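Architecture and fold: a report
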Amino acid sequence: MTLEEIHGQDNTMENTDRVQSAGTALEELLVAAKKQDYLTVGVYESAKVMNVDPDSVAFCVLATDEEYQCDIALQIHFTLIQAFCFDNDINVVRVNDIARLADLVGTDATGEPKDAHCILVTSPSANPWKDPSLGKLSLFCEESRSVYDWVPTITLPER
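Structural notes, computed from the coordinates. (Residues numbered from 1 in each chain as written. Predicted model: local features only at pLDDT ≥ 70, side-chain atom pairs only at ≥ 80, totals over all residues. Heavy atoms only, no water.)

1. Quick notes on unusual backbone geometry
Positive phi values are uncommon outside glycine, yet D37 reaches one of about 60°. Topologically, D37 is positioned in the loop between α1 (3-36) and β1 (39-41). Take D37: its relative accessible area is 66%, and that puts it in the exposed class. Phi is positive for Y148, which is not a glycine, with a value near 65°. With respect to the helices, strands and loops of the structure, Y148 is situated in the loop between α5 (132-146) and β5 (153-154). (Helix = DSSP H or I, 4+ residues; strand = E, 2+ residues; numbered from the N terminus. Buried < 20%, exposed > 50% of the residue type's maximum accessible area, 1.4 Å probe, protein only.)

2. A closer look at the nonpolar core
Counting 30 residues, the largest nonpolar core has L26, F59, L101 and I119 as the members making the most contacts within it. Elements represented by at least two residues in this core include exactly α1, β1, β2 (57-63), β3 (91-95), α4 (98-105), β4 (118-122) and α5. Among the elements that line this core, the one with the most residues is α1, at 7 residues. Residues contacting L101, with those up to four places away along its chain left out, are L30, V61, A63, V95, A116, I119 and L156. Among the nonpolar cores identified, the runner-up in size contains 14 residues, and L74, I81, C85 and V92 belong to it. (Core = buried A, V, L, I, M, F, W, Y, C linked by side-chain atoms within 4.5 Å. Contact = heavy atoms within 4.5 Å.)

Quick look at the structure:
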């Protein structure tokens, strides 16, 4: 085994731990934001918030799974949301388990699962919300961008 191979294994294990830690932080953030009523759930609802009050958006989660990978309209929305987030210095991540996200954000007034394809964590501009999980995720996104992973994928912890 060469030094490069050993170093590569260490990086892989370190990266796996980093992604798992980010998954736990994301789950904690979503639960805390839901309790504070700081979540906007749904592609169209998120677009409205971004258009009306972009300064209130603290974090963006885009979610898809194999069923929606070929949904061109959804992918166009994702591209536009990502561009908006990049222009407004909003951290954005992807999650590949939309069912798990839907469980975390709950149901709408009719009892149906919410459209969890896009979730925004908002914070009032006058009184910014500080959450340790948001700080961890911001650091994770910053580290990912430093290795040219502009929209990192996070895996949520199993239940």
